[in-house]
Structure formats: structure tokens, C-alpha cells
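# Notes for the structure review
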Amino acid sequence: MSTFQNLDLTKTFYFSYTYDITNTLQTNLLREKLKAVNRPDISIPAGIPDYNEMFVWNNFLLLPLFNSLNTVYDWFQCIIHGFIDQVNVSLLGKSIYITLIARRSHHFAGARFLKRGVNTQGYVANEVETEQIVTDMILTPFHKSGHGFFDSDRYTSFVQHRGSIPLYWIQEASNLKAKPPIEINVVDPYFSPAALHFDRLFQQYGGGTVQVLNLIKTKEKTPRETKLLKEFEQCISYLNKHLPDQKKIDYVSWDMSRASKQDGQKVIEFLETYALKTVYETGIFHNNSTFNQTRLQEGVCRSNCIDCLDRTNAAQFVIGKKALGIQLKALGIIEDTYLEYDSDIVNILTELFHDLGDTIALQYGGSHLVNT
């Protein structure tokens, strides 16, 4: 009881009466478009009609009601856990909203050291979906009745994913070592949980390419992170053998710690190049009046370090910066997709990602980001 009473639901838990915050903007708008046109030849993809159970933190409490009520969501709100912030920015005389939403998975949730790696269902520790929505201030709210917003081309979004390395691994926390040794406690030659994990990512993000950006160390005097590197690369290699060419996992390993110690500028250069590639491959979501003209994000970039906190947050910021430029160009606000680092809008995005990273770090690790 005392543990439950110490939980402050007024901080970093969110719900909305009018908008489904458990799903991405792309999923929400497509679902409403399909309802509005009522076309029998277009089937609503599995999982779209309801809330995304993965991010509904009161799902267990609601389960008994599903058997007795057909209108559960009319009476009860779905709660997400994570981070939401929204900023009104004036850019070249136009007012825009930048909204950042981070949704934590309630599966295999828990604190750092206690929750590591993956479980048998393919859910990983510290799994967070980050969505970056950029909209024009001239718009009515998302929830306007009469399907008025379905036709608007003033909505864009971009989604990223982070989560622990999907292998069975542990760290025995003790007071004696600041960095407890990493142990791979179960070796699965078929990498079954990882297969389930990536299968879910394929389905969740439109069947496009799943990109993996692995930021852990590649060289160590005493093997620690490199134990996971070797096993993870074997995992990706094994899974790719069974995937068709167009669906193979796009894996990139880069030692961010080493690069930052050698030359901070090279960190930015690498991440900028990678961001350009990843955003153009997956695309962004840009709403339009017709299905044919609506641009969809197909695929996702899944980044990780050991805790999926510091290094991952830095990488997601640079990728988010590149996406922001493309989103602003899609809205017709700027002509070139490149944004200068010392510009006001990038400073605002930096603050947003810093606050997001800090919040996720407090939820998972109990302390703020290290490299603030």
C-alpha cells in the first residue's frame, strides 16, 4: 500500500478526453479517414480501432470491465506514462506548434538494473516511442467534429523508438561497483524473443524498414558492453537470413563514447549523416485531403545504448532535428530542410529533448541524464 500511495499520478502520467494519445497522429488520422469515407475495399489495419494497449498503463485495471461493458472507453480514460510537452514557436512570421510525446511501454517496465534486456514475449526494458508533431497554428484542434481536419495538409509527425538490447542479459547491482558487470544469462540460438520484438516493430510502423542504431562501445580492455555487441550482431545476422531483401533489418553499430572523447564535432557529423539517411528512408507523416496524397512514415529507427538514456537521447535529438527541417519544409514554412544549430527553433528542440531525456531517465534510472 505504501508503494502505491507514493506513486504520484499527477506527474508524467497523461490522459486526454478528446484525443487518443496512445496512438501516433498517423494512426489516429488514418483511422478517422477510413471511418469517414466508409470504404469497404479498404480494411482498417489490425490494432487501429482501439487504443494501443502497449502504452495503456491502466490496462490491467480496465481488463475486468471489457467483459461487462461495451463502452469501456466512454466511462474510463486510458493513461499513458512518459512525457508530453508543446511549444508555440514563431518562425518567419508564422506560428507553429511543436509537440513532443514519449510513450513508455507498460510491458516489462521497471527500474534500471532490475529490468534489463528482453522478456519471453519480446518486450524490452525502457521501451519508449517518441513522436514529434509539427502543426500550423491556423488549425482547429485535432478533435474537431465533422471530419474537418482530415483534409488539412497542416499536420506532420515523425516517430522514433528506443529500447534495451533484445537479448537475455542482466546486471547484478551492488554497492561495490558503479558499473556492475554485464552477463548474458540465457543464450537462445534462435533469438526467439528478438524475433518477436522486431516482428512487432515491423507491424507497428507500417511494414517499412526497421533501422537499428546501436551506440554501445565496440572496444574495451575488459569486455563489458562488447559482450552484448557481439551477441546482438549475431542476432541481427541470424534474423536477416530469414527476411526478404526489402525487409532486412538495417543495422548500424557506432561507438559514440569513443567518438565523443576523440572529437565532439565528428559525433555531430556522423549523426547528421545518419539522420539524413534514416529520415529519408522512413519518410515523415504529412496529412492531406486524399489517401493518395497523404505521405506516410513507413518504418522506424530504433536506437539504443546500454540504458537507452544519454547516448540514445543525443542521437534521437539529431535525428529529430533533421525530421523537423523536413516537416517545416513540407508545411511550406522554410525552403531548405537544413536548420542551423544556433537557431532559435533548434534551441527550443534541444530543450524539449533535454526535458524528455531527463524525464525518461528519472522514470527508469531514478536520476537525471548524466551529460546534460
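For the structure itself, consult the block above.
Residues numbered from 1 in each chain as written. Predicted model: local features only at pLDDT ≥ 70, side-chain atom pairs only at ≥ 80, totals over all residues. Heavy atoms only, no water.

Scanning all chains against the criterion turns up 17 salt bridges. In this structure, the salt-bridge partner of E129 is R103, at a minimum N-O distance of 2.8 Å. Of this pair, E129 sits in strand 4 (residues 128-136) while R103 sits in strand 3 (residues 94-104); the two residues are 26 residues apart in sequence, bridging distant segments of the chain. We note that E129, like R103, is buried. Several salt bridges converge on common partners, so that one network encompasses D20, R31 and E32. (Salt bridge = Lys/Arg side-chain N within 4 Å of Asp/Glu carboxyl O. Helix = DSSP H or I, 4+ residues; strand = E, 2+ residues; numbered from the N terminus. Buried < 20%, exposed > 50% of the residue type's maximum accessible area, 1.4 Å probe, protein only.)

Moving on: unusual backbone geometry. Leaving glycine out, the prevailing phi sign among residues is negative, and the prevailing peptide bond configuration is trans. In this model, T12 sits at a positive phi of 60 degrees, which is unusual for a non-glycine residue. T12 gets classed as partly exposed once you look at its relative accessible area, which sits at 23%. Here the phi dihedral of L92 falls at roughly 50 degrees; this positive angle occurs in a residue that is not glycine. For L92, a relative accessible area of 66% translates into the label exposed.

Below, the discussion takes up the packing of aromatic side chains. Aromatic ring pairs are reported here in terms of the distance separating the ring centres and the angle at which the planes meet. Considering all chains together, one arrives at nine aromatic pairs under this definition. Considering the side-chain rings of F15 and Y17, the 5.3 Å spacing of their centres and the 85 degrees angle between planes classify their relative orientation as edge-to-face. Residue F15 is classed as partly exposed on the basis of its relative accessible area of 45%. Ring centres of F232 and Y251 lie 5.7 Å apart, and the angle between their planes is 85 degrees; on these two criteria the pair is classed as edge-to-face. Of this pair, F232 sits in helix 6 (residues 225-241) while Y251 sits in strand 9 (residues 250-253); the two residues are 19 residues apart in sequence, bridging distant segments of the chain. With relative accessibility at 0%, the residue F232 sits in the buried group. Through successive ring pairs, a cluster of aromatic residues spans Y51, F66 and Y73. Against the face of Y123 rests R200, its NZ or CZ located 3.8 Å from the ring centre. In this structure, K321 packs its charged tip against the face of Y341, placed 4.3 Å from the ring centre. (Phe/Tyr/Trp six-rings, centres within 6.5 Å; stacked < 30°, edge-to-face > 60°. Lys NZ or Arg CZ within 6 Å of the ring centre and 35° of its normal.)

Read these as spatial facts, not as claims about activity.
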